[in-house]
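Structural overview for review
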Amino acid sequence: MRIDRIELRLIALRLHEPFRISSGTTWDRRILIVRMEGEGVVAWGECVADETPHYAYETVDTARLVIETWLAPAILGRTFESAAAVAAALERAVRGHPMARAALEMAAWDLEARVRGTSLAALLGAVRPAVPSGVSIGIQQSLPELVDRVRRYVEEGYRRIKIKIAPGWDIEPVARIRDRFPDTPLMVDANSAYTLADADHLARLDTFGLTMIEQPLGVDDLLDHALLQRRLATPICLDECISSPARCAEAIHLGSGRIVNIKPGRVGGHAASLRIHHMCAEAGIPVWCGGMLESGIGRAHNVALAALPGFTLPGDTSASRRYWARDVIDPGFILEDGCLPVPTGPGIGVDVDAPFLAARSEWTRTLTA
Ligand code: NPG
């Protein structure tokens, strides 16, 4: 397939409410959207990089620079056998910058699926018609507000609750939720807020029957996670530190965790996600699909991936209305019996609301060979 044209667009979307995690607070999202044309078909991708380098080193602005200067020129006007070949070309074009690569790479998968007349989910190897959904709840102002949020999402049908923790907001919030919701699948996400010196403190979480504790230690760390996992009964789930398939192989070898969060936008795209999915399956490690407060475009990619067989735990694949008053896809994703349906139409299988996208755009740039 030939890639003729890439349009980069920065859109601004406001979340219903501020989303606070240990490394910062997000309310207004500025999201880089990719529109790719080739073979007479239009395909879509989304960059998960944030405005600030607090979750990862990449930002919206570094991604734009890297895409415009090195990545787009490496694929524009060229013909590829498959999206996997596009992924390889992008990997050769720059070191690192997986979020920038993923934005183009995932659009290329959408393009390939549409050219083949199949859904992205089917192209990736999906086996499920719907994916069980979890919801991620940011750090709240007070414990009653937290419990109220949890109650609301449990009532909506979400299959597991994840709460963000940080030093000073960990044992008590978990204890409070467990008290009210003894049987709800519950996990915590620390976003790298602790060190190995906190091991005894974190071990206090073992009494609450959590399904996992996500990324307690450093964003790049594998060794201390391995040492911590030996001291915790609760499985550690790795997120930030799994930036590529190679890092995942190292983590498995070291025993850095027992569960892996795959975000295609974080690891370089779908080809890298498939490699991680397969190596985890072989190692007996369950995976689930994370989220980065994506618009409906990025979410559609995530939902397609989450339908693969190794994704045995509910992901951060929540319904559109959990994030936005109005999504950039129409209709948005709707929770049905605690699941999001996996789109079956061509490619990502959702309709982009072009007028709304245009209305929310701060700028658009067109790149050609
Ligand atoms: O539902 O998309 C979602 C958000 C899930 O908690 C979530 N994401 O650390 O995984 C994370 C966190 C995040 C969001 C991180 C935005 C960075 C930016």
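Just so you know, these numbers come straight off a predicted model, no measurement behind them.

What follows is about the overall build of the protein. Along the backbone of the protein there are 14 helices and 13 strands. Here the C-alpha atoms of the protein give a radius of gyration of 20 Å, agreeing with the 21 Å that 2.2 N^0.38 yields for 369 residues. When its C-alpha atoms are laid out on the principal axes, the protein stretches across 55 × 40 × 35 Å. Each of the 369 residues in the protein was classed as buried or not, and the buried ones make up 58%. When contacts within the protein are restricted to residue pairs at least 6 apart in sequence, those whose partners lie at least 24 apart make up 73%. Summing over all exposed atoms, the protein offers an accessible surface of approximately 14000 Å²; the carbon and sulfur share of this is 51%.

To continue, consider the packing of helix α3 (residues 98-116) against helix α11 (residues 270-283). For the pair α3 and α11, interaxial distance at closest approach is 8 Å and the crossing angle is 90°. With respect to each other, α3 and α11 are oriented roughly perpendicular. Where α3 abuts α11, its residues Glu105, Met106 and Trp109 lie against His270, Ala271 and Leu274. Looking at the contact of α3 with α11 residue by residue, the class counts come to 4 nonpolar, 1 polar and 1 charged.

On to the site of the ligand. Taken together, 16 residues lie near the ligand, and Ser136, Asn191, Lys263, Leu293 and Tyr323 sit nearest. Between Lys164 and the ligand, the recorded distance is 2.9 Å, taken from a side-chain N or O atom to an oxygen atom. For the ligand, an oxygen atom lies 3.4 Å from a polar atom in the side chain of Asp189. Alone, the ligand offers 430 Å² of accessible surface; in the complex the protein occludes 98% of this. Here the residues of the shell around the ligand sort into 5 nonpolar, 3 polar and 8 charged.

A few words on the sheet that holds strand β1 (residues 5-21). With antiparallel pairing, the 4 strands of this open sheet are ordered in space as β3-β2-β1-β13. Sheet topology places β3 (41-47) and β13 (361-368) at the edges, where each strand pairs with a single neighbour. Strand-to-strand twist across the sheet, computed as the mean angle between neighbouring axes with direction ignored, equals 25°. When β1 meets strand β2 (residues 24-38), the two strands line up antiparallel, connected through 13 bridges. Note on β2: the bridge partner recorded for Leu10 is Leu32.

The next point concerns the packing of aromatic side chains. Tallied over the entire structure, the rule returns 2 aromatic pairs. Plain terms: the ring middles of Tyr323 and Trp324 are 6.2 Å apart, the flat faces sit at 40° to each other, and that makes the pair tilted. Judged by its relative accessible area of 4%, Tyr323 is buried. If you follow Arg160 out to its NZ or CZ, it ends over the ring of Trp288, 4.9 Å from the centre. Note that Arg365 overlies the ring of Trp363, its terminal NZ or CZ placed 4.2 Å from the centroid.

Turning to a nonpolar patch on the surface, a few remarks are in order. Taken together, the side chains of Leu223, Leu227 and Leu254 define a hydrophobic patch exposed on the protein surface, amounting to about 240 Å² of accessible area. Structurally, Leu223 is set in helix α8 (residues 223-229). The exposure class of Leu223 is exposed, given its relative accessible area of 51%.

The domain boundaries assigned to the protein delineate domain 1 (5-117 + 352-368) and domain 2 (122-341). Taking only C-alpha atoms, the centre of domain 1 and the centre of domain 2 are 23 Å apart. Residue-level contacts link 37 residues of domain 1 with 45 residues of domain 2. Its largest share of buried area at the contact with domain 2, domain 1 owes to Phe19, Tyr55 and Met106, together 20% of the area lost on that side. Remark: the boundary between domain 1 and domain 2 carries 3 salt bridges. Taken together, the links from domain 1 to domain 2 amount to 18 residue pairs in polar contact (both at pLDDT 80 or more). Elements that contribute at least two residues to the side of domain 1 that touches domain 2 include exactly β1, β2, β3, α2 (83-93), α3 and α14 (354-359). Top element by residues in the side of domain 1 that touches domain 2 is α3. It accounts for 12 residues. Tallied by class, residues from the side of domain 1 that touches domain 2 come to 21 nonpolar, 4 polar and 12 charged.

Moving on, we come to α2. Within the span of α2, buried status applies to Ala83, Val86, Ala87, Ala89 and Leu90. Buried positions in α2, seen along its axis, are confined to an arc of 165° and lie on one side of it. Packing partners of the buried residues in α2 comprise α1 (60-75), α3 and α11.

By the secondary structure assignment, Ser82 is in the loop between α1 and α2. Through-space distance from the C-alpha of Ser82 to that of His301 is 17 Å; in sequence the pair is 219 residues apart. Aside from chain neighbours lying at most four places away, what touches Ser82 is Met1 and Glu112.

About the criteria used
Residues numbered from 1 in each chain as written. Predicted model: local features only at pLDDT ≥ 70, side-chain atom pairs only at ≥ 80, totals over all residues. Heavy atoms only, no water. Helix = DSSP H or I, 4+ residues; strand = E, 2+ residues; numbered from the N terminus. Rg over C-alpha atoms; globule rule 2.2 N^0.38 Å. Buried < 20%, exposed > 50% of the residue type's maximum accessible area, 1.4 Å probe, protein only. Contact = heavy atoms within 4.5 Å. Areas by Shrake-Rupley, 256 points an atom, 1.4 Å probe, with all protein chains shown as cover. Axes fitted to C-alpha atoms, helices over the stretch in contact; angles between N-to-C directions. Parallel < 35°, antiparallel > 145°, perpendicular 65-115°, else oblique. Nonpolar A, V, L, I, M, F, W, Y, C, P; charged D, E, K, R; others polar. Near = heavy atom within 4 Å. Polar contact = N/O pair within 3.5 Å; in protein donor to acceptor, adjacent residues only side chain to side chain. Pairing = 2+ DSSP bridges. Phe/Tyr/Trp six-rings, centres within 6.5 Å; stacked < 30°, edge-to-face > 60°. Lys NZ or Arg CZ within 6 Å of the ring centre and 35° of its normal. Patch = residues over 30% accessible without salt bridge, like charges linked within 9 Å, V, L, I, M, F, W, Y side chains within 5 Å. Salt bridge = Lys/Arg side-chain N within 4 Å of Asp/Glu carboxyl O. Domains from an automatic or database assignment. Buried area = accessible area lost by both parts, 1.4 Å probe. Arc of directions from axis to C-beta.

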